[in-house]
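The lines below spell out each chain.
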There are 2 protein chains.
Amino acid sequence: MKQNVQTLKGFRDFLPGEARRRQYVQNLLKKVFESYGFEPLETPALEYEEILLGKYGDEGDKLMYRFEDNGGRRVALRYDQTVPLARVAAQYQSQLPIPFKRYQIQPVWRAENPQKGRFREFLQCDIDIVGSSSPLSDAEIIACTIQSLEKLGFKDAKVLINDRALFSQLITRTAISEKELPGVIRILDKLKKIGREGVVDELGKMGFGSERATYILQTVESYPPTLVLQTIFASLEKMGIPKEKYEFSPTLARGLDYYTGIIFEAEIAGYTAGSVAGGGRYDNLIGIFGGQSIPAVGVAFGFDRIIEAMSQLDLFPKDLATAKVLVTVFSPELAEKSLEAGSRLRSNNINTEVWLDSGGKLDKQLKYADQKGIPYVLIIGPEEAEKDTVTLKDLQAKSQETLKLEEVIATIKGDG
Amino acid sequence: MKQNVQTLKGFRDFLPGEARRRQYVQNLLKKVFESYGFEPLETPALEYEEILLGKYGDEGDKLMYRFEDNGGRRVALRYDQTVPLARVAAQYQSQLPIPFKRYQIQPVWRAENPQKGRFREFLQCDIDIVGSSSPLSDAEIIACTIQSLEKLGFKDAKVLINDRALFSQLITRTAISEKELPGVIRILDKLKKIGREGVVDELGKMGFGSERATYILQTVESYPPTLVLQTIFASLEKMGIPKEKYEFSPTLARGLDYYTGIIFEAEIAGYTAGSVAGGGRYDNLIGIFGGQSIPAVGVAFGFDRIIEAMSQLDLFPKDLATAKVLVTVFSPELAEKSLEAGSRLRSNNINTEVWLDSGGKLDKQLKYADQKGIPYVLIIGPEEAEKDTVTLKDLQAKSQETLKLEEVIATIKGDG
């Protein structure tokens, strides 16, 4: 029976080429996270609905995948990794080290309207420090963000940093009302996108005359960093983070509900789709299940955006192919020679495929190597078998040599 | 508001200690898979219900997590990785290399009755070769299984191999009926578990006299390997797989519905909970969505069993901790010295935590290192700061030395 086959809208298959890139990014990120002592955490895809419900606002409740399981329990699919972290912090309180430094890289599900760059299943990639209110923790999260982006190959990444505490000064210093503050902040946050004139213009729509609007903007822009920010900048310097990698940005806001202290965002020069990482301090969220306040600071990497930015900036290694060599099979009688050669290459830590048929046209085998991006092809025909040599084809250089197997091993290893 | 916090029955959190072990196993397996040129594939957690329904028998339909999404679509959570592979094979037919060698390591969900070693969310770990009917592919899957178990540290792993074709000979050679065959095979499959007498006994319950039952058993046991098996064994030898790692086992059956050719199972001496990997050739499944038959052979690793067996046999490295060193902070004034030392260690590829508070009792910091399994602690007090030295504590050896930072780096690197 022939059946209609397709994936659900907003869901994706990752075929090997794409899956390898995703693994490459995950592996590099994990390496940096672990270099700072962050440890992996995994939580289940399904939680009791009541654990997640009401934690992400009305929008979240609407977009959440929720259903009744076979046992009549109301369950929901993971919507982010922060609420599960809060559950873990409450549930295993006595077992976790304080501070608890964890990273988590798992898919989440949101029934969003699918559109460019927005999916219903996507990978979240978070690091958080739970249980420390020290600015050293803020600095570590920022340093780890900067080094992660550097490790991925982004040369012109910059982290913009602000402290939410700054905004409260606006009320006394520019005489705006508490009620007006959120609107003002939301407009200031758009400075990079809409420019100074745009900000003054939008503040105008809120009822501020252009002189007053300009004054508000100038006041914010001229704020000096808070004491916490100064401590963080000093720590970053001591940690050897170059000054051009971060910047105080007094207009940065990143929404208002969630964060309670410093906030930051990473942008990549030449990539305009948005920030590739963002985070800050949020001292009121992790405690929700335990009934006590627990300080926390963290960063979320935009995994899909990172993949997109790296593709655009050509930062993926050329030879991410799984195998370095395809050993062809010339004929049924010579198959065993190919199997032996394959094993020798593998035991020398060279990822090697052996053609999985006892014969078959060489053309077909070469095409297979080409399709999979395998850079080298090894041929063992009757002549090579007799002289105990092999022919090594370099598919990119379109060259070939007849060599001893040891020489092949040296050549390929030398090639990285 | 204090809320009740728990995970759903049959679902698990993996705290860092356990999550690291799982990562360790996954990384080693991926390395072996990639050494053979297997490539990663990822498919979505949710599929259209009709893709999965009816593919796993009545039991599967019952245990599957199925629901209606917000858009009124009937959807189901991934139940295994083979049906999604079949969908991928049909959907991307023209893009995939033939043979298509993929590995896939993703969670699946089954609403089973939770019991020891059985979970509702668990990781599947599969490699398959799609589009090749060559015994070389069978041999490669078996070789890769053996080398994977070896890489994980299992010294006494053995793969039992059989060919389903053998069983059809039973009808002519022992005069049992086609109808009796499945029952007979199911009993023969239990030989390892219930012994020869048990087999004869159970055949007796089917109506075979003890003489006839013994004859049936002896007939099967005396079967020579089929031609396909002989080719596979010859290939394994050429691939350098030691003979004691595998064994022809004519009574092995592994269920009947799914497999169409060779079948195999890996067992670990000293681990009695069951086989840790199993697979075989299944030529009728991958084609279901495309309306054409596509040959395939593969193996599924029992991820949870592997973790359990490795724990029992003590095969995990002692120092799977994320960080090698904790740099303590003596006082606010000396915090910067600790930050600098931390960065230097990290830039020498030593995973390093810096205590995230500018001060705090040394006892508390040492306890933290101990709790996280961090083997070394670095102390920079006023004396050390002045002399430009550090004190390195080895927590396990309960020893300490005053050293230059370069010496610390050499010591820790030398320790692996």
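Higher on the page you've got the structure.
Enquirer: Report on the pairing of strand β10 (residues 277-281) of chain A, specifying residues and quantitative values.
Expert: All names here are of chain A. Summarising burial for β10: five of the five residues are buried, a large majority. Sheet topology note: the β10/strand β11 (residues 296-301) ladder contains five bridges and is antiparallel. Bridged to A277 within β11 is F301.

Enquirer: Which residues make up the interface of chain B and chain A, and what values go with them?
Expert: In this complex, chain B contributes 97 residues to the contact, which on the side of chain A involves 97 residues. Counting each side, the surface lost to burial between chain B and chain A is near 8600 Å², with a carbon and sulfur contribution of 57%. Of all residues in chain B, L8, K238 and L356 of chain B bury the most surface against chain A, accounting for 9% of the area lost on that side. Run the count over chain B and chain A and you get 14 salt bridges. For R87 of chain B, the salt bridge goes to D13 of chain A, with nearest N and O atoms at 2.8 Å. Applying the counting rule to chain B against chain A returns 32 residue pairs in polar contact (both at pLDDT 80 or more). In terms of residue class, the side of chain B that touches chain A is built from 46 nonpolar, 23 polar and 28 charged.

Enquirer: Explain the sheet that holds strand β4 (residues 74-77) of chain A to me, using residue names and the numbers behind them.
Expert: Residues and elements named next belong to chain A. With respect to topology, three strands assemble into an open sheet ordered β2-β4-β3, the strand pairing being antiparallel. Across the chains shown, the open sheet's two edge strands, defined by having one partner strand only, are β2 (46-48) and β3 (66-68). Geometrically, the sheet is characterised by an average inter-axis angle of 35° between neighbouring strands, direction not taken into account. Sheet topology places β2 next to β4; three bridges connect them, and they run antiparallel. Within the sheet, the bridge partner assigned to L46 lies in β4 and is L77.

Enquirer: Residue-level account of the sheet that holds strand β13 (residues 352-354) of chain B, with values.
Expert: Residue and element names in this part refer to chain B. Read across the open sheet, the five strands follow the order β13-β12-β14-β15-β16; overall the sheet is mixed. Since the sheet does not close on itself, it has two edges, and those belong to β13 and β16 (399-403), each with one partner. Taking each pair of neighbouring strands and ignoring which way they run, the sheet shows an average axis angle of 20°. Examined bridge by bridge, strand β12 (residues 325-327) and β13 share three bridges and lie parallel to one another. Looking across to β13, one finds that V327 is bridged to V354. Those strands touched by helix α15 (residues 405-414) are β12, β14 (376-379), β15 (390-394) and β16, and its axis lies near 20° from that of β15.

Enquirer: An account of helix α6 (residues 165-174) of chain A is needed here, citing residue identities and associated values.
Expert: Since the α-helix packs 3.6 residues into each turn, any two residues three or four apart lie on the same face. All names here are of chain A. Burial in α6 covers these residues: L166, F167, L170 and T174. Down the axis, α6 shows its buried residues gathered within 100° of arc, on one side only. Residues of α6 that are buried in the fold lie against β7 (157-163), α7 (181-188), α9 (210-221) and β8 (246-248). Of the residues flanking the end of α6, it is A175, one or two places downstream, whose phi is positive at about 55°.

Cut-off values and rules
Residues numbered from 1 in each chain as written. Chains lettered and ligands numbered in written order. Predicted model: local features only at pLDDT ≥ 70, side-chain atom pairs only at ≥ 80, totals over all residues. Heavy atoms only, no water. Buried < 20%, exposed > 50% of the residue type's maximum accessible area, 1.4 Å probe, protein only. Helix = DSSP H or I, 4+ residues; strand = E, 2+ residues; numbered from the N terminus. Pairing = 2+ DSSP bridges. Contact = heavy atoms within 4.5 Å. Buried area = accessible area lost by both parts, 1.4 Å probe. Salt bridge = Lys/Arg side-chain N within 4 Å of Asp/Glu carboxyl O. Polar contact = N/O pair within 3.5 Å; in protein donor to acceptor, adjacent residues only side chain to side chain. Nonpolar A, V, L, I, M, F, W, Y, C, P; charged D, E, K, R; others polar. Axes fitted to C-alpha atoms, helices over the stretch in contact; angles between N-to-C directions. Arc of directions from axis to C-beta.

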